[in-house]
Amino acid sequence: MSHTILLVQSGSKPETRTYSDYESVNECMEGVCKIYEEHLKQQNPNTPSITYDISQLFDFIDQVTDLSCLVYQKGTNTYAPYNKDWIKEKIYVLLRRQAAHSQ
């Protein structure tokens, strides 16, 4: 369990910067999915249930102005930065594992 900070800048202006922190990398990746799901709900307010595939999620991640993670490294007592590609890789692994468990 590595404390993880998610840094998001949704628009071009610095005021759109936010951060969230999570107890683990997996919780953080679920948080990224929730951000996308909230975005979809705003885009489709009258749709009762929203579905999407991973390529749509990845397109959304690519369109976000800035998205990165800081993951706590116990050995050095520091936070290591990770970019969008790393986030997409971790989400892919998480969703694949969830799909395998739901079958």
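Each chain has its residues counted from 1, following the order in which its sequence is written. In keeping with the model being predicted, local features are shown solely for residues with a pLDDT of at least 70 and side-chain atom pairs are shown and tallied solely at 80 or more, while totals for entire chains, interfaces and linings include all residues. The side-chain figures draw on all heavy atoms in the structure; neither hydrogens nor water molecules are used.

Per an unreviewed UniProt entry, the chain goes by Enhancer of rudimentary homolog and derives from Dryococelus australis. UniProt positions are given in the numbering used here, feature names are shortened, and annotations may be inferred rather than shown by experiment. Quoted verbatim from the Function (unreviewed entry) heading of the UniProt record, the comment on the chain is "May have a role in the cell cycle." On record in UniProt, under Sequence similarities (unreviewed entry), the comment for the chain is "Belongs to the E(R) family."

Novice: Where do I start with the pairing of strand E3 (residues 66-73) in this structure?
Specialist: At least two DSSP bridges between two strands are required for those strands to pair. Each helix corresponds to a stretch of at least 4 residues labelled H or I by DSSP, and each strand to a stretch of at least 2 residues labelled E; elements are numbered beginning at the N terminus. Pairing of strand E1 (residues 4-9) with E3, which is carried by six bridges, proceeds in the antiparallel orientation. By the bridge assignment, valine 8 is partnered in E3 with leucine 67. Relative to strand E4 (residues 78-82), E3 runs antiparallel, the two sharing five bridges. Looking across to E4, one finds that valine 71 is bridged to alanine 80.

Novice: Looking at this model, I keep getting lost on the environment of serine 12. Mind explaining?
Specialist: Positionally, serine 12 belongs in the loop between E1 and strand E2 (17-22). Once the C-alpha coordinates of serine 12 and aspartate 66 are considered, the two residues, 54 residues apart in sequence, prove to be 9.0 Å apart.

Novice: What am I meant to see in a negative patch on the surface here?
Specialist: Residues enter patches when their relative accessible area tops 30% and they take part in no salt bridge; the joining distance is 9 Å for like charges and 5 Å for the nonpolar side chains Val, Leu, Ile, Met, Phe, Trp and Tyr. Residue burial considers only the protein chains on display, and all accessible areas are found by Shrake-Rupley using a 1.4 Å probe. In the sections that follow, a salt bridge refers to a side-chain nitrogen of Lys or Arg positioned within 4 Å of a carboxyl oxygen of Asp or Glu. Here the positive residues are Lys and Arg and the negative ones are Asp and Glu; neither His nor the chain ends is included. To locate a charge, take NZ of a lysine, CZ of an arginine, CG of an aspartate or CD of a glutamate. Negative charge collects at one region of the surface, where Asp21, Glu23, Glu27 and Glu30 lie side by side. Position of glutamate 23 among the secondary structure elements: in the loop between E2 and helix H1 (25-43).

Novice: When you look at the packing of aromatic side chains in this model, what are you seeing that I'm missing?
Specialist: For this analysis, a ring pair means two rings from Phe, Tyr or Trp (six-membered ring only for Trp) whose centres lie within 6.5 Å, classed as stacked if their planes differ by under 30 degrees, edge-to-face if by over 60, and tilted for the remaining angles. Using the criterion set out here, one finds four aromatic pairs in the structure. Arranged with centres 4.9 Å apart and planes meeting at 40°, the rings of tyrosine 36 and phenylalanine 60 form a pair that is tilted. Of this pair, tyrosine 36 sits in helix H1 while phenylalanine 60 sits in helix H2 (residues 54-63), placing them 24 residues apart in sequence. Across this residue pair, the class does not change: tyrosine 36 and phenylalanine 60 are buried. Ring centres of tyrosine 82 and tryptophan 86 lie 4.1 Å apart, and the angle between their planes is 20°; on these two criteria the pair is classed as stacked. When a residue's accessible area, from a 1.4 Å probe over protein chains only, is under 20% of the maximum for its type it is buried; when over 50% it is exposed; and in between it is partly exposed. Relative accessible area serves as the criterion here: at 25%, tyrosine 82 is assigned to the partly exposed category. For tryptophan 86, a relative accessible area of 16% puts it in the buried group. Put simply, the rings of Tyr36, Tyr52 and Phe60 pair up and form one aromatic cluster.

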